[in-house]
Amino acid sequence: MNDTPMEWSDVKVFLAIARTGTLMAAARQIGLSQPTMGRRLKALEASLSLTLFQRTSDGFVLTAEGESVLGHAERMEEQALAFQRELQGSEQRLEGSLRVSSSDWFGVYVLSPMLAGFIRQHPGVSVELLTDTRLLNLARREADLVFRIQPFDEPYILQRKLMHMDYAVFGAEGQEAPKPGDGTGTALVTLDTAYRDFPDVVWLRRMLPNARIAFASNSREVQARLCAAGIGLAVLPVALGDQTPGLRRIELGESPPGRDVWLGYHRDLRRLARLRALIDCTIDALAS
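Reading guide: rules and limits
- Residues numbered from 1 in each chain as written.
- Predicted model: local features only at pLDDT ≥ 70, side-chain atom pairs only at ≥ 80, totals over all residues.
- Heavy atoms only, no water.
- Phe/Tyr/Trp six-rings, centres within 6.5 Å; stacked < 30°, edge-to-face > 60°.
- Helix = DSSP H or I, 4+ residues; strand = E, 2+ residues; numbered from the N terminus.
- Buried < 20%, exposed > 50% of the residue type's maximum accessible area, 1.4 Å probe, protein only.
- Contact = heavy atoms within 4.5 Å.
- Expected span 1.5 Å × (residues − 1).
- Core = buried A, V, L, I, M, F, W, Y, C linked by side-chain atoms within 4.5 Å.
- Pairing = 2+ DSSP bridges.
- Axes fitted to C-alpha atoms, helices over the stretch in contact; angles between N-to-C directions.

Side note on the packing of aromatic side chains
One pass over the full model with this rule turns up five aromatic pairs. With 5.4 Å between their ring centres and 50 degrees between their planes, F14 and F53 make a pair best called tilted. Remark: F53 occurs in strand β1 (residues 53-56) and F14 occurs in helix α1 (residues 8-20); sequence separation between them is 39 residues. What makes F14 buried here is its relative accessible area of 1%. On the accessibility criterion, F53 (2% relative accessible area) is buried. Judged by centre distance (5.1 Å) and plane angle (85 degrees), the ring pair of Y195 and F198 falls under edge-to-face. The partly exposed category is assigned to Y195, whose relative accessible area is 23%. Its relative accessible area of 25% is what places F198 among the partly exposed residues.

Written out as structure tokens, the structure is:
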């Protein structure tokens, strides 16, 4: 290693490139320009006198030296983020930013009305809502508060079951209900094959085994739009289906299984006043 001091910000650049594989994706992740990312990486390699990545046509691949540095960099990140969370966790001002993550339809149809009321009540707090299917990392502050349909298993996450979300079968207005246990001649709008084992997808196959899949998507909101356009029946969260114009509930003799919604946040932020205020507002508005 030469005498050039190593900057923590350059280590963040290294981690972003290692995780995304390209300068462009890493730049988007941490909010820098692509040329700046390249310069910062070169500065880090110079400070360590190491070549950390092999540049290939498919992106950046860690060298053996880069692999040896990665674990140290991740431990540096863990300590830096723990320090940041400890400082922020003691803030008592209802000011600053919060990053919230949820699925797309839940963010639009359930969280947005609640967040509007929260922001009106606390104008000093800025909320960023990320509707993402990825499970964001709370330890790396990718989000401060996460809503999802399965419990968290990380030991550092504080969580609670927020609510039970009912589901129902929906069809376009005027669409006839099919015969339960058959479904011949019925078209379905459903989740794509990556989600074929979701409870409502399994239930729909059992209730209408002879129906055909006309359209599949990982987006519940897209499913609702196609269903309203008359493409086929869909199992949707009631909060989404009831608010989508052109849809009506279809009775098949039993209701599809619903899902529990969990909220989680890092234990180091449990004393952060603005996060506590948002959690309390969420529970008051949505808890069941």
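Moving on from the model shown.
Section: the environment of M207
Relative to the helices and strands, M207 is located in helix α6 (residues 199-207). Judged by its relative accessible area of 6%, M207 is buried. In the structure, M207 is positioned 27 residues away from P180 in sequence and 5.5 Å away in space, judged by C-alpha atoms. In contact with M207, other than residues within four places in its own chain, are K179, P180, G181, D182, L252 and E254.

A short note on α1
Taking 1.5 Å of rise per residue, the 13 residues of α1 would be expected to cover 18 Å, and the 19 Å separating its terminal C-alpha atoms lies within 8% of that figure. Here α1 has its buried residues at D10, V11, V13, F14, L15, A16 and I17.

Here's the deal with the nonpolar core
Of all hydrophobic cores here, the largest spans 50 residues; its most connected members are W105, F106, L145, F147 and M165. The element best represented in this core is helix α5 (residues 104-121), accounting for eight residues. In this structure, L15, A16, L52 and L62 belong to the second largest nonpolar core, which totals 20 residues.

Quick notes on the sheet that holds strand β5 (residues 145-148)
Taken in spatial order, the five strands make up an open sheet running β4-β3-β5-β12-β6, and their pairing is mixed. Each edge of the open sheet is held by one strand with a lone partner, namely β4 (125-131) and β6 (157-165). Across this sheet, the average inter-strand angle for adjacent strands is 20 degrees, counted without regard to direction. Pairing of strand β3 (residues 96-102) with β4, which is carried by seven bridges, proceeds in the parallel orientation. The residue of β4 that forms the bridge with R99 is E128. The strands touched by α5 within the sheet are β3, β4, β5, β6 and β12 (259-266), with β4 carrying the most contacts at an inclination of about 175 degrees.

Structural notes on the environment of P199
Of note, P199 is situated in helix α6. Accessibility expressed as a relative area gives 34% for P199, which makes it partly exposed. Separated by 182 residues in sequence, P199 and I17 have C-alpha atoms that sit 37 Å apart. If sequence neighbours within four positions are ignored, P199 has contacts with P257 and R259.

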